[in-house]
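Residue strings, one per chain:
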Amino acid sequence: MRATLKKVWSLFTPGERHKAVGVLVLIILMAVAETASVLSLAPFLSVLARPGITQEHPWLSAAYQTLGFQDYRSFVAVLGIGTLLIVVASSAFKTLTFHVVGRIVHMQRHSLSVRLLSAYLRQPYEFFLQRNPSELAKNVLSEVDQLIFDLLQPLSQLIAQGLIVAAMTLLIVIYDPWMALCIVLTVGLLYGAIYLLVRKRLAFVGNERQDANTARYQACSEALGGIKDVKATHSEDVWLTRFARASREFSRHCATGETLSHSPLYIVEAVGYSGLIVIALVLLWRSGDIAHVLPALGLYGFAAYRLLPAAQIMYRGFARLRFSAAALDSIQADLHLPAKARLLSQNALVPQREIRLQGIRYSYPNAPHRPALDGADLVIPANTSLGIAGKSGAGKSTLMDVLLGLLIPQAGTFTVDGVPITAENVADWQRSIGYVPQHIYLTDASVAENIAFGIPKDQIDMSAVERAARAAQIHDFIVQDLPHGYDTRVGDRGVRLSGGQRQRVGIARALYRDPPVLLMDEATSALDGATETAVNKAIQQLSGQKTIVVIAHRGGSLKSCSGIAVLGSTDPITE
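The paragraphs below set out a description of the structure included in this document. (Residues numbered from 1 in each chain as written. Predicted model: local features only at pLDDT ≥ 70, side-chain atom pairs only at ≥ 80, totals over all residues. Heavy atoms only, no water.)

For the chain, the count of helices and strands is 21 helices and nine strands. Burial status across the chain gives 46% buried among its 575 residues. Look at the contacts in the chain between residues 6 or more apart in sequence, and 76% of them connect residues 24 or more apart. When the accessible surface of the chain is summed, it comes to about 29,500 Å², and 61% of that surface belongs to carbon and sulfur atoms. (Helix = DSSP H or I, 4+ residues; strand = E, 2+ residues; numbered from the N terminus. Buried < 20%, exposed > 50% of the residue type's maximum accessible area, 1.4 Å probe, protein only. Contact = heavy atoms within 4.5 Å. Areas by Shrake-Rupley, 256 points an atom, 1.4 Å probe, with all protein chains shown as cover.)

Here it is in structure tokens:
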């Protein structure tokens, strides 16, 4: 339990910890108010049951005489109204407290989601080669909710209700220590025994729920992300079965967790209210006077009314802590991932002489003994166009990722005009790059927003958008064939455009910032012959003004390059 609380505390930022302490103070005040509301009932019931106690009890007698009452009826009425006001005020304060607690818990959901996504986005590119995007999305969108609503919220209620239980227990102890001991032992042992019986089951079900949730997100994401292949292969039932199996397991485990969290309530209610009858009989046997029994029974009854639901909420808090431990471990570990410092660049590192790779070696984390690049050498003169060819598996895409600064070579040097590209200046280098990948990722936004990718809509330079679109040979299509021109939405992943059109939008995106270096990875593979010829002509025109590197399988895609290098070959670059 202590380890769990430590992990929960580590989720909070310093500012959030100060707020948590403030909420704790508010909860303590709420417990005091609850105690006062229960305690205020005893004088009212005592005077109501036996008016003579007004003269016997020193506090009641002093109040009766000081306030100048002439008969006990008016005194009882004032006591009743006073008790009513205290109970209403206590309930109002309790409502306010739980509103504040609920608001902070829900805002913590926002804070954790943003911080977790930020932690992921600040990881190096290699991190995403090892983690499934569906798992990361699940953590940000689903596991955070699980953590908030099944751990932090029950934990906050556990603390709040725990203080109420402590206050009610103290009140009963002051009134009747032996009776308090019996009540606390009965309720405590009952809940403790139930928790000990189910805690291992809760931990197991919690881990299984997390695995099923990951499988659920992955099946849904893969089915919808590859919808064209799914429809073409008529494999809808396969993906639906995968999702349904994971969804069923997820729902079953959630139901089990809920049942194990709520089931003791009915047992304890029966024991609690049966206990009230036993207490009434014991008090009657001890005093022999029903007038003495009524005030005590009212006090115990009202205390039980506050105590038993609070005890149930406490138990549920412990149970949900156990059930959500897997989500806590996952998110707590990911929140404390070593974040890569965000490097802001104002000065682009523009090659004036050459880009040189010498003795580059790189192995992927899942295959450390099989280097994708081993001793690769390449010299790219500034303001020339170089085509890179090579058979599949030769390391062309890995080489492109090294040039992009996404992968750090494990051996060898990567320099621009003799300046080594390191973690400290890679942002300066990337500021000089325009990149066209083989598969263009388009968001469900307008054509202009996709070309000016990453630029806020109100800051898009439309003249730069049109200039880039013309260079990518797509401007005429946008203004003549699309219903709203550059404001036309392209659909999710550009589904409303053809493959060639998506590719040209990607090329326009790379040219939007007018970068001095253009890197193209199979960028013309989806283009028809005529469009590829036009794009190659544009590349040829840019050669001499920009440093261009083109990776391609087809020889026709490299015809416009001023030099060609074959990866994995010892042949020199051809001019």
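There's plenty left to go through after this.
Below, the discussion takes up a nonpolar patch on the surface. A cluster of nonpolar side chains, contributed by Trp9, Val21, Val25 and Leu29, occupies part of the molecular surface with about 360 Å² of accessible area. Considering each element in turn, the nonpolar patch owes the most residues, three residues, to helix H2 (residues 14–39). Its place among the elements puts Val25 in helix H2. (Patch = residues over 30% accessible without salt bridge, like charges linked within 9 Å, V, L, I, M, F, W, Y side chains within 5 Å. Salt bridge = Lys/Arg side-chain N within 4 Å of Asp/Glu carboxyl O.)

Another point: the side chain of Thr398. Here Thr398 is to be found in helix H15 (residues 396–403). Note on Thr398: relative accessible area 5%, which makes it buried. Side chain to side chain, Thr398 and Tyr364 meet in a polar contact 2.7 Å long. (Polar contact = N/O pair within 3.5 Å; in protein donor to acceptor, adjacent residues only side chain to side chain.)

What follows concerns the sheet that holds strand S8 (residues 547–551). Taken together, five strands build an open sheet; the order of strands is S6-S7-S8-S3-S9 and the sheet is parallel. Strands at the two margins of the open sheet, each flanked by one partner only, are strand S6 (433–436) and strand S9 (563–566). In this sheet, neighbouring strand axes are inclined to one another by 15 degrees on average, regardless of whether the strands run parallel or antiparallel. Both strand S3 (residues 385–389) and S8 contribute to a ladder of four bridges, which runs parallel. Its bridge partner being in S8, Leu386 is matched across the sheet by Val549. Each of S3, S6, strand S7 (517–521) and S8 touches H15; the most contacted strand, S7, lies at about 155 degrees to it. (Pairing = 2+ DSSP bridges. Axes fitted to C-alpha atoms, helices over the stretch in contact; angles between N-to-C directions.)

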